[in-house]
Amino acid sequence: MDYVTENNKEVAEKADIIVLSVKPQFYEEVICEIRDAVHEDQIVITIAPGKTLAWLAEKFGKAVKIVRTMPNTPALVGEGMTAMCPNEHMTEAETAYVRS
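Bear in mind the structure is a predicted one, so any value in this text is a computation, not a measurement.

## A closer look at the packing of aromatic side chains
Two descriptors summarise a pair of aromatic rings, namely the distance from one centre to the other and the angle between the planes of the rings.
Here is step 1: The full count for this structure, using the stated rule, is zero aromatic pairs.
Here is step 2: Directly above the aromatic system of W55 lies the positively charged group of K51, at a separation of 4.3 Å from the ring centroid.

## Here we look at the pattern of salt bridges
Here is step 1: Taken as a whole and judged by the stated rule, the model has three salt bridges.
Here is step 2: When the shortest N-O distance is used, the salt bridge between K59 and E58 registers 3.7 Å.
Here is step 3: The class of K59 is buried, set by a relative accessible area of 14%.
Here is step 4: The salt bridge partner of K65 is E94, with a shortest N-O separation of 2.4 Å. With K65 in strand β3 (residues 65-71) and E94 in helix α4 (residues 92-99), the pair connects residues that are 29 residues apart, well separated along the chain. With respect to burial, K65 and E94 carry one shared label: buried.
Here is step 5: Here the salt bridges do not stand alone but share partners, grouping E28, E58 and K59 into one network.

Conventions and cut-offs
- Residues numbered from 1 in each chain as written.
- Predicted model: local features only at pLDDT ≥ 70, side-chain atom pairs only at ≥ 80, totals over all residues.
- Heavy atoms only, no water.
- Phe/Tyr/Trp six-rings, centres within 6.5 Å; stacked < 30°, edge-to-face > 60°.
- Lys NZ or Arg CZ within 6 Å of the ring centre and 35° of its normal.
- Salt bridge = Lys/Arg side-chain N within 4 Å of Asp/Glu carboxyl O.
- Buried < 20%, exposed > 50% of the residue type's maximum accessible area, 1.4 Å probe, protein only.
- Helix = DSSP H or I, 4+ residues; strand = E, 2+ residues; numbered from the N terminus.

Put into structure tokens, the structure is as follows:
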């Protein structure tokens with residue numbers, strides 16, 4: 001089902017996986033906006049340098065499944081990859097799903 005909205009909280013209420021890909025200086029603002037809508041079955045994937053799993057968990061203020069990712073800058077070689085680090089709330093199956 002396709003769903004379009006400009007409301008971050010609506011997205012957080014409906015999505016199975018939330019990808020936070022805003023500029024790092026806006027992370028706290030966006031997390032404060034959506035944290036009450038995020039529930040324990042969802043996975044939050046982040047793409048923000050300098051935002052640790054501990055910092056993210058603190059901002060959500062509850063147990064949230066988080067996968068921190070960091071892409072490389074592949075311009076020189078024309079190939080890319082992304083490193084990922086799940087928090088303690090992620091299962092092996094969930095981590096494998098995110099990896100795929």
